[in-house]
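# Structural characterization, general
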Amino acid sequence: MFVQFAYGLLYLWLGFMRLIGWFRWSVEGIERLPPREAGGMIIAMNHVHWIDIPIIGAMLPFRYRLSWMGKAELFQNPATGLLFRAMDVVPIKRGQRDLAALDAVVAALRAGKVLLIFPEGTRGRTGVLRAGRGGTVRIAMQAQVPIVPVALTGTELGFWGTIKRRPVHVTIGEPYRIEVPVGTKIPADQMARLTDDLMRRIALLLPEERRGIHAPKLAE
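Residues numbered from 1 in each chain as written. Predicted model: local features only at pLDDT ≥ 70, side-chain atom pairs only at ≥ 80, totals over all residues. Heavy atoms only, no water.

### As for the nonpolar core
Formally: What we call a nonpolar core is a set of buried Ala, Val, Leu, Ile, Met, Phe, Trp, Tyr and Cys residues that are connected through their side-chain atoms within 4.5 Å. Type-normalised accessible area, obtained with a 1.4 Å probe on protein chains alone, sets the label of each residue: buried when under 20%, exposed when over 50%, and partly exposed for intermediate values. Numbered from the N terminus, helices here are DSSP runs of H or I no shorter than four residues, and strands are runs of E no shorter than two. Every residue pair with non-hydrogen atoms within 4.5 Å of one another is taken to be in contact.
Counting 29 residues, the largest nonpolar core has Ile 42, Leu 109, Ile 139, Met 141 and Ile 178 as its most contacted members. Breaking this core down by element, the ones donating at least two residues are strand 2 (41-45), helix 4 (99-110), strand 5 (114-117), helix 5 (135-143), strand 6 (147-153) and helix 7 (188-203). Per-element accounting of this core gives the leading share, 6 residues, to helix 7. Each residue touching Ile 139, except ones within four places of it in the same chain, is listed here: Ile 42, Met 69, Leu 102, Val 105, Val 106, Leu 109 and Ile 117. If you look at the next biggest cluster of nonpolar residues, it comprises 28 residues, including Ile 53, Leu 116, Phe 118 and Val 170.

### Details of the side chain of His 49
Its place among the elements puts His 49 in the loop between strand 2 and helix 2 (52-59). Here His 49 is in contact with Arg 123, Thr 155, Gly 158 and Phe 159, once residues within four sequence places are set aside.

### Things to note about the packing of aromatic side chains
Quick reminder of the rule: Stacked, tilted and edge-to-face pairs are distinguished by plane angle, under 30 degrees for stacked and over 60 for edge-to-face with tilted covering the rest, among Phe, Tyr and Trp rings (Trp via its six-membered ring) whose centres lie within 6.5 Å.
By the definition in use, this model includes 3 aromatic pairs. Aromatic side chains Trp 50 and Phe 159 sit 6.4 Å apart centroid to centroid with 15° between the ring planes, which places their arrangement in the stacked category. You can see Trp 50 sitting in the loop between strand 2 and helix 2 and its partner Phe 159 sitting in helix 6 (residues 158-163), a full 109 residues away along the chain. Overall, Trp 50 belongs to the partly exposed group, its relative accessible area being 46%. The class for Phe 159 is partly exposed, based on a relative accessible area of 36%. Consider the rings of Phe 159 and Trp 160, whose centres lie 5.3 Å apart with planes at 75°: the pair is edge-to-face. Among the aromatic residues, those joined into a ring-pair cluster are Trp 50, Phe 159 and Trp 160.

### Considerations on the sheet that holds strand 6
Applicable threshold: Between any two strands, at least two bridges found by DSSP are needed for them to pair. Note on definitions: angles span 0 to 180 degrees between N-to-C directions of axes, and those axes are lines fitted to C-alpha atoms, for helices only across the stretch in contact.
In spatial order, the strands read 1-7-6-2-5-3-4; together these 7 strands make up an open sheet with mixed pairing. For this open sheet the edge positions go to strand 1 (25-28) and strand 4 (89-92), each flanked by a neighbour on one side alone. Going from strand to strand, the sheet's axes swing by 25° on average, the running direction of each strand aside. With 4 bridges connecting them, strand 3 (residues 66-71) and strand 4 associate as parallel partners. Looking at strand 4, one finds that Gly 70 is bridged to Pro 91. The strands that helix 2 touches are strand 1, strand 2, strand 3, strand 5, strand 6 and strand 7 (168-172); relative to strand 1, the one it contacts most, it runs at about 60°. Most of the contacts of helix 7 go to strand 6, to which it runs at about 45°, and overall it touches strand 2 and strand 6.

The following block contains the structure:
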């Protein structure tokens, strides 16, 4: 309950700072979000800086309160570990396949959570989109939930960029589903194509100079 209260206070404060024009954050495509009552969904977004998380959390309607995955090291301290778990953060062991964590993520999505995932796997500080990893697609197929591609620009300068009122823009794309029967084994080449398709959907929402390796494929 305390964590939800704290989340609400932070949400209101960030909203107030936007309202008075100090945080120059804008968003388009809110109407494209799947109805909240329809159940869980994945928000798949490019990642530039840690501040991306509070920004996207503040830009979505409050009923789309986010859960996300965090590196397991964040949970080693008992106090912070308790806080992150209360905030619906799922610990993931980087560099290895953490089946228990993936099961927990799938269960959360089936229970109706809105899960933020960065398909690139880590931050790309230049703001140029990189190759994606297959985890997002795999989780969406297992949980049978839609993926909402989202692009964020303007956070290259991080926290100080926000303080200095650098414009930040969020674009929400059309949600889509990967219609594959649960338990179907997907060949590696097909998984790669599905991941590339997701990354191109995100790239389309970015300025051309930020599309990186995906730009030539989009030009085709």
